[in-house]
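# Structural overview
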Amino acid sequence: MDRSNKKPTGFPARLAAIRLLDAVCRRGETLDQAMSSATGSLSNPSDKSLAHNIAANALRWMTALDAMIDSATKNPLAEDAKARMALRIALVQVLVLDTPQHAAISTALPLVQGGPRRLVHGVFSTLMRGVEKGDVALPKYPAIPGETRARWRENWGKEITSAANQAWAQQAPLDLSFKSNNVGELAEELEGENLASKQLRRLPSVPVTELKGFETGDFWVQDLAASIPARLLGNGDGKTVLDLCAAPGGKTMQLASNDWDVISVDNNKRRMERFHDNLKRTGLEAQTVIADLMKWEPSEPADAVLLDAPCSATGIFRRHPDVLHCIGERQIADRAEVQSVLLNRIAPWVKPGGFLVYAVCSLEPEEGEEQVAKFLEQHDQYEIAAVGPDELPSGITPTSDGHVRTLPTMLVDKGHLDGFFIARLRRKE
């Protein structure tokens, strides 16, 4: 016991976790947005990591956790009631993170100081007795939240939605992209397997900074699906490409590594600082611009433009479980409108004969297939530059329209991959 504040050891991290959970569930923020304010009082990086891990897993398993809580209360607790939040925090620690019961409840009770402590303790104790008897347990897979599940079933069908549940239960693997001139012995030395010739290698989730080659900048972290947009532009041979919405820089590093002269634009100063760190570590070069794309424009058209557009990010739910609790039809519609405006604005920025690659890390057709179809209707100077099967990693195939759509049913036996939509368009001569 920490006698200085009469709170149990480990309580500050749990307090930060419940603040993170509250930010997502009540205020609609993402975990990344809430991290600074929720964990600002924590000086130890491991405490910040623990708070994030608790909150992220509570969000991932929330449907099952809430069903447990509701089974042990006479009257349902409000969705945002502090007692429900505290129980989610305590239960996920025991059932998912293997925290001892006494540590989970002793750090959860102070979260409802002056509130329903007896209720929280009673519900927790009841459920733990059920766990010990085998009457209470988490399901095999976490359930995608109701609104998203219904939307995905309508758009993609039951099989893909079920695969999404399975993907959500697994810790995402670590995908490393290697510089094109540095593929070989180092990639072979690292554990895992090649997923895209030798330029991308998948490892079990491990601390990336401890891997050989990190400090010398031989690779960067980038999910296989996220590597496809830049891959579709091939070798640049010194031509100019605009990488728009570029931070934190994975696609820029791919392009620079493949001999493109890259101009990278993003409006987020904090993310661009991380971007510069990545460029410095890898020794790759790009011209970086911090600017709003609605105000900035290039001095002349480029040979290629890659737009990784702002989107709902529902395709990266494995790593960011909060998005499925923050995103609904209104947010998807808002982002689709921004994407449409951006596509119309950048259409003249591609030279005749050049390419426009449009990408979103979203599983929503409004942001992908429908967005590109509308763009082509409005811009007859563009045509689809169909993606061929030989341009894609094994296990990923183009759609019938020549686009790329990665789904939860792909690479299941290798750890899944993020959900992306990618289209390659050519501006006619």
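Report follows, based on the coordinates.

Reading guide: rules and limits
- Residues numbered from 1 in each chain as written.
- Predicted model: local features only at pLDDT ≥ 70, side-chain atom pairs only at ≥ 80, totals over all residues.
- Heavy atoms only, no water.
- Axes fitted to C-alpha atoms, helices over the stretch in contact; angles between N-to-C directions.
- Helix = DSSP H or I, 4+ residues; strand = E, 2+ residues; numbered from the N terminus.
- Parallel < 35°, antiparallel > 145°, perpendicular 65-115°, else oblique.
- Left-handed = near helix turned anticlockwise from the far one by under 90°.
- Contact = heavy atoms within 4.5 Å.
- Buried < 20%, exposed > 50% of the residue type's maximum accessible area, 1.4 Å probe, protein only.
- Pairing = 2+ DSSP bridges.
- Salt bridge = Lys/Arg side-chain N within 4 Å of Asp/Glu carboxyl O.
- Nonpolar A, V, L, I, M, F, W, Y, C, P; charged D, E, K, R; others polar.
- Phe/Tyr/Trp six-rings, centres within 6.5 Å; stacked < 30°, edge-to-face > 60°.
- Lys NZ or Arg CZ within 6 Å of the ring centre and 35° of its normal.

## Quick notes on the packing of helix α5 (residues 82–95) against helix α7 (residues 117–133)
Where α5 contacts α7, the two axes come as close as 10 Å, and the packing angle between them is 30°. In terms of orientation, α5 lies roughly parallel with respect to α7. Here α5 runs over α7; the crossing is right-handed. Counted together, Ala83, Leu87, Ala90, Leu91, Val94 and Leu95 of α5 and Leu119, Val120, Val123, Phe124, Leu127, Met128 and Val131 of α7 form the full contact between these two elements.

## Description of the environment of Leu307
With respect to the secondary-structure elements, Leu307 resides in strand β8 (residues 302–308). A relative accessible area of 0% means that Leu307 is categorised as buried. In this structure the C-alpha to C-alpha distance between Leu307 and Asp98, which are 209 residues apart in sequence, comes to 42 Å. Those residues in contact with Leu307 that sit more than four places away from it in its chain are Leu244, Cys245, Leu293, Leu342, Leu343, Ile346, Val357, Tyr358 and Ala359.

## A few points about the side chain of Asn57
By the element assignment, Asn57 lies in helix α3 (residues 45–60). Given a relative accessible area of 9%, Asn57 falls into the buried group. Those residues in contact with Asn57, other than ones at most four positions away along the chain, are Val92, Val96 and Leu97.

## Quick word on the sheet that holds strand β4 (residues 219–221)
Across the sheet, 4 strands lie side by side as β2-β3-β1-β4; this open sheet has antiparallel pairing. The sheet terminates laterally at β2 (193–196) and β4, the two strands that pair on one side only. Adjacent strand axes in the sheet meet at a mean angle of 35° when their direction is disregarded. The pairing of strand β1 (residues 174–178) with strand β3 (residues 200–203) spans 4 bridges and is antiparallel. Along β3, the bridge assignment pairs Leu176 with Arg201.

## Regarding unusual backbone geometry
With the exception of glycine, most residues fall at negative phi, and the peptide bonds are largely trans. For the peptide bond that leads from Ala247 to Pro248, omega is 10°, which places it in the cis range. With respect to the secondary-structure elements, Pro248 resides in the loop between β5 (240–244) and α12 (250–257). The backbone phi angle of Asp259 is positive, close to 65°, even though this residue is not glycine. Note on placement: Asp259 falls in the loop between α12 and β6 (261–266). With phi around 55°, Leu411 is a residue other than glycine that occupies positive phi space. Summarising the element assignment, Leu411 is placed in the loop between β11 (404–405) and β12 (421–427).

## What about the pattern of salt bridges?
Inspection of the entire model under this criterion finds 22 salt bridges. Ionic pairing is found between Asp66 and Arg88, a salt bridge with its closest N-O pair at 2.8 Å. Of the two residues, Asp66 sits in helix α4 (residues 62–71) while Arg88 sits in helix α5, which places them 22 residues apart along the sequence. Across the pair, exposure class does not vary: Asp66 and Arg88 are buried alike. Note that Arg318 is salt-bridged to Asp223, the shortest N-O span being 2.9 Å.

## Details of the packing of α5 against helix α6 (residues 101–108)
Here α5 crosses α6 at 165°, and the two axes come no closer than 9 Å. One element, α5, and the other, α6, form an angle in the roughly antiparallel class. The interaxial crossing formed by α5 with α6 has right-handed handedness. Across the interface between the two elements, Ala86, Ala90, Gln93 and Val94 of α5 pack against Gln101, Ala104, Thr107 and Ala108 of α6. Considered class by class, the residues forming the contact of α5 with α6 number 5 nonpolar, 3 polar and no charged.

## Here we look at the pairing of β8
By the criterion of burial, β8 is predominantly enclosed, with 7 of the 7 residues buried. Pairing of β5 with β8 involves 4 bridges; the strand directions are parallel. In the sheet register, Val241 faces β8, and the bridge partner there is Ala304. Across 6 bridges, β8 lies against strand β9 (residues 350–360) in parallel orientation. Residue Ala304 lies in a different strand from β9, and its bridge partner there is Phe355.

## A closer look at α4
Along α4, the residues classified as buried are Met62, Ala64, Leu65, Asp66, Met68 and Ile69. Tucked into the core, α4 has its buried residues touching α1 (11–25), α3, α5, α7 and α14 (323–326).

## Side note on the packing of aromatic side chains
Centre distance and the angle of the planes are the two values used to describe a pair of aromatic rings. Scanning the model with the defined rule gives 6 aromatic pairs in all. Arranged with centres 5.5 Å apart and planes meeting at 55°, the rings of Trp152 and Phe317 form a pair that is tilted. Separated by 165 residues along the polypeptide, Trp152 in helix α8 (residues 146–156) and Phe317 in the loop between β8 and α14 bring together distant segments of the chain. As far as burial versus exposure is concerned, Trp152 and Phe317 are alike and both buried. Ring pairs connect the aromatic residues Trp152, Trp168 and Phe317, which therefore count as one cluster. When the ring centre of Phe214 is taken as origin, the NZ or CZ atom of Arg281, which lies over that ring, is 4.1 Å away.

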